[in-house]
Amino acid sequence: MELDAPNESEKTSQVRIKLTTRDSDVQLLETAPILVSTALRRYALSTLVNNLLESEKPVPFEFLINGQFLRTSIDEFLTANGISAERTLTVEYVRALIPPVHISSYEHDDWVSSVNVLATDSRARILSSSYDGLLRIWNTTNTDLLATSPSARDNGHTAAVKAVKWLTEKKIASSGDDRTIRIWNYVEDEGSAAAITPVLELYGHKMTVGDIAIHTPTSQILSASADGRVGLWSTSKTTAPTAPTSLLPTASSSANKRRKLAKADNKQVSQRGPLSMLDGHTDVVSSTIFKHDDPTVGYSASWDHSVRTWDLTTSRLVDTRTTLHPLLSLTEMPQVSLLATGTTARHITLLDPRASSSKVSALTLRGHANAVSSLAVDPKSQFGLLSGSHDGSCRVWDIRSVRSVASGGGGGDGGQVGESVYVIYREGVEGVKQRAVGGEGVKVFGVDWREGVGIVSAGEDKRVQVNRPEGKQ
Amino acid sequence: NIDPESLLPKLPSPDELRPFPTVCANIFRDHQGRVRSVSVDPTGTLVASGADDGYVRVWEMLTGRQLWNKKLSDDEAVDVVTWRPSKDTAIIAAAAGETVYFTIPFGLHTVNPEIEQASREVLDSGFGYQANKPTTETNINKEPTATWSRPSTSLTNDGVLLTASVRSTIKVITWHRRGDYFATVSPKGQSHAVAIHTLSKHLTQLPFRKLKGLAQTAQFHPSKPIFFVATQRNIRSYDLSAQTLLKIMQPGARWISSIDVHPGGDNLIVGSYDRRLLWHDMDLSTKPYKTLRYHQKAIRAVKFHQGGLPLFADASDDGSLQIFHGKVVGDLMENATIVPLKVLRGHVEKGALGVLGLDWHPRHPWCVSAGADGSCRVWC
Ligand SMILES: [Mg+2]
């Protein structure tokens, strides 16, 4: 320590910084370190980078130093983190996320279990599934309810619906507690009322089907069930195998009794079975996805702590990554080659499923106070992630914002840990109840994130909520 | 100059003993009145609860969604609810008053047609047995020990397909691991207090007619044909095949409320109304190996994790649950390691009662509690 060094404050009034970014479209040509005042804050640095980029339209930037966002002056940051101003500082700039504000809410009659957004050039539609056994389609321009699926009496789901996805603009898949996956047609013609009509019922699972993934070009579906299996299905009547008779409602005397109450003039909807059932998990399979660029590869996450990779052509288990906690949700971050999985232990684990990777966990995202039920990727940033939790919040993450922690302390797994950039609470819920014990009344069950529509979340408050960055970008 | 503390064996710190439940993940509310009992289903996705309002309710464990309910009795509380321990069936056994109600909760995701069929067969097979029963049975002229019957259509329509009634209010139902035998305890039933029933035969036996003391609770040994009966002061173990008394454990408690046998079969925990939790190593002694005094009020329930995690918990009228690490080593020379891990608070005391029941998830470090405040809580 140079305790008697003169004019310490003057000496540190400038610092050499090396500006870097992982956003390819805002790279600087000149990458040599530059000298800046330590009094600079985010805004001044953002102006500086825009000047260097000679941007016509300024892009707001945020700055990461050692994985932490700069929220103070550089000087204060260096002091708080015990970093010497003598050394060249590597400063990573990232497109600033604008705080997402509440745009609209869609009122349901019961808990909303999942949401999926259709966004085409001509229109945006929100599809939601509910514990009342119904699917609903909403117009995002005026929040109008356009269509509701038929009830159990009219060939609808006979219990809570847990997952729903657009197959195409005109076709929908859903699954739930009645152990079925159902395929629906959706018609929305100019001038006539929109309608959801059942076309196919898929049987094969023995317990609830909590999640589905779709691959539109091949008309295939992956399903995740509490029976511990991953199902592969065709959405086409002609290519789907016959249904297993022992699992049809006709094999159940209680269901037969119920069906007698159904309308007499109901036409029987076609029933089919799975292309294959993938065995390997030893507990509830909570979530499944197709690999983004290869529909012959599927991933699944389970309460058995593992994420498994499947070869869907041969029904072979290719890889098992075992974490420390039961897993509830799964999504892929393709450009960074990571899978994100949400745990009952309140965090998100990012892992690299490629065989070349030996590490189980690449990164842990901490901040939620209850189970992480759902995940979606940022449509605009390969580093952005959205999570929904039973704690009643959604969180927005930038996985470049990380710090290293020692293992063991506080029960953490060690390694790289990230913190969220924004937290979104349930709109219309009082401040105290937003952090309700046990997430009572505010649990989030489903999220989606689409450009133009925004962050869409569904939950126990019987609402679908849309949040979007508004104002200057 | 030796510090006597340094001679004591070092206990591991709670941080090293994860995972164990630390936070309330869920609250189930709808019961009007005290919740007496909770039970996690064999699949680990559902929780059944029974309460003073006469209802059995079934909840989705991780979301708290109520999926099913049935009122069993207009004037009796549901004192105990428990799932039959088999993944091949979905059957709830719940007691209100003197009657055990066997229910297949139709409509739940676990009750697929195959499970429904298997469950119906398990509940119905005894009707055939009873009909063919030879009339040379001993109690032909006596009042039957229990009445097995098909309940009213208002119950059968909702899946309540079988009842078994004894002579006095049932406070405990405890299953043998295979799910054919179960025992009921009616503390005020005198010579009929402890009954062992055979579900497949709709048969009831009273092997402990001359029990010394008032029966409080009972349990089957996890692997051997041994049966434990707790009276207010003692726990007796019996060899069921030889019909002999094996041991009398004396925990030293003034009034036992609850017991649970460790899955390994050689250790036993005992909860008492006089606030004590006692650990018995039955190989070691008839006296407790450890006495744990952590609660301000009566202990109502004690339970070991049954799915391979070294955890146990108790529930108290002070409104809290205490989670412990309890590691049993196979080696006869080494004693169990017991470490208090966490006090779980949240239930509100009501009418001097706190937490009345608890159960563990079959695999994960999650437990669920039944409160006098009318709520159930899931702890993860
Ligand atoms: Mg021993």
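Treat the numbers as computed from the prediction; the structure is a model and nothing was measured.

Analysis parameters
Residues numbered from 1 in each chain as written. Chains lettered and ligands numbered in written order. Predicted model: local features only at pLDDT ≥ 70, side-chain atom pairs only at ≥ 80, totals over all residues. Heavy atoms only, no water. pLDDT = per-residue confidence, 0-100. Domains from an automatic or database assignment. Contact = heavy atoms within 4.5 Å. Salt bridge = Lys/Arg side-chain N within 4 Å of Asp/Glu carboxyl O. Polar contact = N/O pair within 3.5 Å; in protein donor to acceptor, adjacent residues only side chain to side chain. Helix = DSSP H or I, 4+ residues; strand = E, 2+ residues; numbered from the N terminus. Nonpolar A, V, L, I, M, F, W, Y, C, P; charged D, E, K, R; others polar. Pairing = 2+ DSSP bridges. Axes fitted to C-alpha atoms, helices over the stretch in contact; angles between N-to-C directions. Buried area = accessible area lost by both parts, 1.4 Å probe.

Undergrad: What's the story with the confidence of the model for chain B in this structure? I'm lost.
TA: Atom-level detail of predicted coordinates should not be read off regions where pLDDT is low. The predicted model of chain B has a mean per-residue pLDDT of 94, with 95% of residues at 70 or higher. With a pTM of 0.94, the predicted complex shows an ipTM of 0.94.

Undergrad: I keep staring at the domain arrangement of chain A and nothing clicks. Help me out?
TA: How big an interface is tends to be reported as the loss of accessible area on association of its parts. Residues and elements named next belong to chain A. Taken as a whole, chain A is organised into domain 1 (2-95) and domain 2 (100-469). Spacing between the C-alpha centres of domain 1 and domain 2 amounts to 40 Å. Contacts between the two partners involve ten residues from domain 1 and, on the opposite side, seven residues from domain 2. Our enumeration of links across domain 1 and domain 2 arrives at one salt bridge. The partner of aspartate 23 in a salt bridge is arginine 400, and the shortest N-O contact between them spans 3.3 Å. At the boundary of domain 1 and domain 2, one finds three residue pairs in polar contact (both at pLDDT 80 or more). Of all the secondary-structure elements, those providing two or more residues to the side of domain 1 that touches domain 2 are β4 (68-69) and β5 (89-95). Classifying every residue of the side of domain 1 that touches domain 2 gives three nonpolar, three polar and four charged.

Undergrad: I tried to follow the sheet that holds strand β24 (residues 311-316) of chain B on my own but got confused; where do I start?
TA: Residue and element names in this part refer to chain B. What the four strands build is an open sheet, ordered β23-β24-β25-β26; its pairing is antiparallel. Two strands close off the open sheet at either side, each with one partner strand: β23 (299-304) and β26 (337-345). Between one strand axis and the next, the sheet turns by 20° as a mean value, whatever way the strands run. Summarising the sheet, β23 and β24 pair through five bridges and their orientation is antiparallel.

Undergrad: Explain the interface of chain A and chain B here, please?
TA: At the interface, 37 residues of chain A touch 36 residues of chain B. Carbon and sulfur atoms supply 51% of the area that chain A and chain B bury against each other, a total of about 2,900 Å² over both sides. Applying the counting criterion to the chain A and chain B interface returns five salt bridges. With a shortest N-O distance of 2.6 Å, A:Asp110 and B:Arg65 are connected by a salt bridge. Across the contact surface, chain A and chain B share 21 residue pairs in polar contact (both at pLDDT 80 or more). Each residue belonging to the side of chain A that touches chain B can be placed in one class, and the counts come to 14 nonpolar, 13 polar and ten charged.

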